[in-house]
Amino acid sequence: MTLSPLSSPVETVDESHRLHLGAIATPERLLLGPGPSNAHPTVLEALSRPPLGHLDPLYLELMTEVQEMLRYVWQTDNRITIPVSGTGSAAMEATIANVIEAGDTVVVGVIGYFGLRLVDMCSRYGAVVHTIESPSWGEAISLEAIAEALETHRPALLALVHAETSTGVCQPLDGVGELCRQHDCLLLLDTVTSLGAVPLRLDAWGVDLAYSCSQKGLSCPPGLGPFTMGPRAEAKLDRRQGKVPNWYLDMSGLKSYWGKERTYHHTAPVNMNFGLREALRLLCDEGLGQAWARHRRNSERLWAGMESLGLELHVARELRLPTLTTVRIPEGVDGRAFALHLLNSHGVEIGGGLGALAGKVWRVGLMGYNSTPENVDRLLNLLADELPAFRSGAAAA
Ligand SMILES: *Cc1c(COP(=O)(O)O)cnc(C)c1O
């Protein structure tokens, strides 16, 4: 009997889930919410390059470049500085999974929603978690409160959120690194909404562990979570009694792929790393100090414009984040309906409140590629033109 593939019968297939769609056609949006923000056009080009093998010498070279540029944007010399495959939360989990052992005491600063996520993650890894809370969502934690918590609980690790995206607060860090060293405690910092946009100096500040994401200040789509760990954190990883209880995020394996050995761990999302390389290249081209200043300038333009429209900013000026502004929803306005109107009729996304601020504020992001005076003015014009109809309680047409 001869087999002819051309005349093979078509196998019977259950067709009930088969769709007949046109090619993907997503609209242009201006993403001025809490993230993701728009990606730079050349980052999108980099993403669409044909993939390379994840052990191709050219790709290995690109990995080294990404690591070096991450050290620059974080202002650190940390050897283990890599983009974790996954979003910011994966990198967040990596910091905790690698250094926390069941029974370790941890203090978490909670100034908003992402502090609560850190509490959840630390407790899942068996830590004994104590929290320090800001007086309200919209304020920071004082150095005195941190000192008192370290004194009382003697933790192995203090975790803080530098840029709390749920409230728009930038947590001051003056003196925190020194306190942690005095108490022989590791300092972990969430820099998801500060990396590349808000002044950040990991080594000078004595930060031992930090993580971020690709889709906020770095002008790249979501998919990678920059991660870094310093010598004190590495020493805690080396001292562990047992294995890191998360295979995928275990730095003892990942550091060989990202180090000299180049041992296979998991298939790197190579195209995401092409995109991140381009995003970091753009940031190096601009200069980190210039990027920080640009974010500051554009946020001040936004704040002044909002105030001149009679809107009230939620956070005191000295604690405000340049990347994320919380503005109070005026009396009588349906905040959700207004945000939906901006999205559906004008292609502009802004965010609503999270947790304690749900229904009380809008969250406006000016991150990375999106932090421009043109984008600020576009939003201010929309607020000026479209908000009055909502103030009277009238719904959009
Ligand atoms: C966005 C964000 C995260 C989570 O990052 P994902 O990329 O959504 O997983 C964590 N912390 C802060 C402060 C954030 O703003």
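Position labels on residues start from 1 in each chain and follow its written sequence. Where local features are concerned, this predicted model is filtered to residues with pLDDT of at least 70; where side-chain atom pairs are given and counted, the filter is 80 or more; whole-chain, interface and lining totals use all residues. With hydrogens and water excluded, all non-hydrogen atoms of the structure serve as input to the side-chain values.

J.: How do you make sense of the environment of Val169 when you look at a structure like this?
T.: In this fold, Val169 is placed in strand 7 (residues 169–170). Note on classification: 1.4 Å probe, protein chains only; a residue is buried when its accessible area is under 20% of the maximum for its type, exposed when over 50%, partly exposed between these limits. Of the residues examined, Val169 reaches a relative accessible area of 0% and is grouped as buried. In this structure the C-alpha to C-alpha distance between Val169 and Leu319, which are 150 residues apart in sequence, comes to 5.5 Å. Note on definitions: a residue-residue contact is assigned when non-hydrogen atoms from the two residues lie within 4.5 Å. Beyond its immediate sequence surroundings of up to four residues, Val169 is in contact with Ile111, Gly138, Glu139, Ala140, His162, Ala163, Glu164, Val315, Leu319 and Leu321. A run of DSSP states H or I qualifies as a helix once it reaches four residues; a run of E qualifies as a strand once it reaches two. Both are numbered from the N-terminal end.

J.: Explanation requested: the site of the ligand in the structure shown.
T.: Surveying the vicinity of the ligand reveals 15 residues, the closest of which are Thr87, Ser89, Thr165, Asp190 and Lys216. Within the contact set of the ligand, an oxygen atom lies 2.3 Å away from a side-chain nitrogen or oxygen of Thr165. At 2.8 Å, a side-chain N or O of Gln215 approaches an oxygen atom of the ligand. Surface accessibility follows the Shrake-Rupley procedure with a 1.4 Å probe radius. Residue values consider only the protein chains on display as shielding. Contact with the protein chains removes 89% of the 380 Å² of surface that the ligand exposes when unbound. Those elements that place two or more of their residues in the shell around the ligand are helix 3 (88–99) and helix 4 (113–124). Top element by residues in the shell around the ligand is helix 3. It accounts for three residues. If a single non-hydrogen atom of a residue is within 4 Å of a molecule or strand, that residue counts as near it. Definition of a polar contact: a pair of N or O atoms within 3.5 Å, with one able to donate and the other able to accept a hydrogen when the atoms are protein atoms, and with sequence-neighbouring residues admitted only if both atoms are side-chain atoms.

J.: Could you clarify how one ought to interpret the sheet that holds strand 5 (residues 157–161) in this entry?
T.: By way of backbone hydrogen bonds, the strands of a sheet pair with one another, either parallel or antiparallel. Pairing in this open sheet of seven strands is mixed, and the strands run 2-10-9-8-5-3-4 from one edge to the other. Lying at the two open borders of the sheet, with one neighbouring strand each, are strand 2 (80–85) and strand 4 (128–133). The mean inter-strand angle of the sheet, taken between neighbouring strand axes irrespective of direction, is 20 degrees. A pair of strands is considered paired only if DSSP assigns at least 2 bridges between the two. Bridging between strand 8 (residues 186–190) and strand 9 (residues 209–211) involves three bridges; their strand directions are parallel. If you follow Leu188 over to strand 9, its bridge partner there is Leu209. Think of each axis as a best-fit line through the C-alpha atoms, taken over the contacting stretch in the case of a helix, with angles from 0 to 180 degrees between the N-to-C directions. In the packing of helix 4 onto the sheet, contacts are made with strand 3 (105–110), strand 4, strand 5, strand 8 and strand 9, and the angle to strand 3 comes to roughly 165 degrees.

J.: Looking at this structure, I do not really get the domain arrangement of the chain. What am I missing?
T.: A common way to express how large an interface is: the accessible area buried when the components associate. Start and end positions for the domains come from either an automated domain assignment or a database one. In terms of domains, the chain is made up of domain 1 (30–36 + 288–392) and domain 2 (41–285). Computed over C-alpha atoms, the centres of domain 1 and domain 2 are 27 Å apart. Contacts between the two partners involve 24 residues from domain 1, matched on the other side by 31 residues from domain 2. Surface buried jointly by domain 1 and domain 2 totals about 2300 Å² across both partners, of which 70% is contributed by carbon and sulfur atoms. For the domain 1 face of the interface with domain 2, the top three residues by lost area are Leu288, Trp292 and Leu319, together amounting to 32%. Criterion for a salt bridge: a side-chain nitrogen of Lys or Arg within 4 Å of a carboxyl oxygen of Asp or Glu. Counting every contact that joins domain 1 to domain 2 gives zero salt bridges. Inspection of the region where domain 1 meets domain 2 yields nine residue pairs in polar contact (both at pLDDT 80 or more). Put simply, buried area is how much 1.4 Å-probe accessible surface two parts lose in total, over both of them, once they are put together.

J.: Honestly, unusual backbone geometry in this entry has me stumped. Any pointers?
T.: Excluding glycine, residues mostly have negative phi values, and the peptide bonds linking residues are mostly trans. The amide bond that connects Gly35 to the next residue, Pro36, takes the cis arrangement and shows omega of 5 degrees. Inspection of the secondary structure assignment puts Pro36 in the loop between strand 1 (30–31) and helix 1 (41–47). Backbone geometry places Ser219, a non-glycine residue, at a positive phi of 65 degrees. Looking at the secondary structure, you find Ser219 in the loop between strand 9 and strand 10 (224–229). The class of Ser219 is buried, set by a relative accessible area of 10%. The phi dihedral of Arg262 falls on the positive side, at around 60 degrees, and the residue is not glycine. Assignment of secondary structure puts Arg262 in the loop between helix 9 (251–258) and helix 10 (270–286). Owing to a relative accessible area of 18%, Arg262 belongs among the buried residues under this scheme.

J.: Mind showing me how you'd approach the layout of surface pockets here?
T.: Where empty space is left in the structure can be found by rolling a water-sized probe over the atoms. Grid points spaced at 1 Å over the protein atoms alone were grouped into cavities, where a 1.4 Å probe fits but cannot get out, and pockets, open sets with protein on both sides within 12 Å along at least five of seven lines, with lining residues defined by an atom within 4 Å of a point. Grid points are joined across faces, edges and corners, and a volume is the space filled by probe spheres set on the points. Within this model, the largest pocket holds a volume of roughly 390 Å³. What lines the largest pocket is a set of 19 residues, and nearest its centre among them are Glu28, Arg29, Asn38, Ala39 and Leu44. Every element with two or more residues in the lining of the largest pocket is listed here: strand 1, helix 1 and helix 13 (373–391). Residue assignment places the lining of the largest pocket across two domains, with domain 1 (30–36 + 288–392) and domain 2 (41–285) each supplying three or more.

J.: Can you walk me through the nonpolar core in this structure?
T.: In summary, soluble globular proteins display a tendency toward joint burial of nonpolar side chains. As used in this record, nonpolar core signifies buried Ala, Val, Leu, Ile, Met, Phe, Trp, Tyr and Cys residues forming a set joined through side-chain atoms within 4.5 Å. Counting residues in hydrophobic clusters, the biggest one holds 91 residues, and the most contacted among them are Leu158, Phe227 and Met251. With nine residues, helix 2 (residues 57–74) is the largest single contributor of residues to this core. Shared between two domains, this core takes at least three residues from each, and those domains are domain 1 (30–36 + 288–392) and domain 2 (41–285). In this view, Phe227 contacts Trp74, Ile80, Thr81, Ile82, Val84, Ala91, Ala94, Thr95, Leu209, Ala210, Tyr211 and Met251; residues no more than four positions away in its chain are not counted. Among the nonpolar cores identified, the runner-up in size contains 25 residues, and Ile350, Val376, Leu382 and Leu387 belong to it.

J.: How do you make sense of empty space enclosed by the protein when you look at a structure like this?
T.: For the coordinates displayed, the defined rule picks out one cavity of 30 Å³ or more. Of the volumes computed, that of the largest cavity is approximately 70 Å³. What lines the largest cavity is a set of 13 residues, and nearest its centre among them are Pro83, Ser85, Leu254, Trp258 and His266. If you list the elements that add at least two residues to the lining of the largest cavity, you get strand 2 and helix 9. Looking at the lining of the largest cavity residue by residue, the class counts come to 10 nonpolar, three polar and no charged. We call Asp, Glu, Lys and Arg charged. Ala, Val, Leu, Ile, Met, Phe, Trp, Tyr, Cys and Pro are nonpolar, and the rest, Gly among them, are polar.

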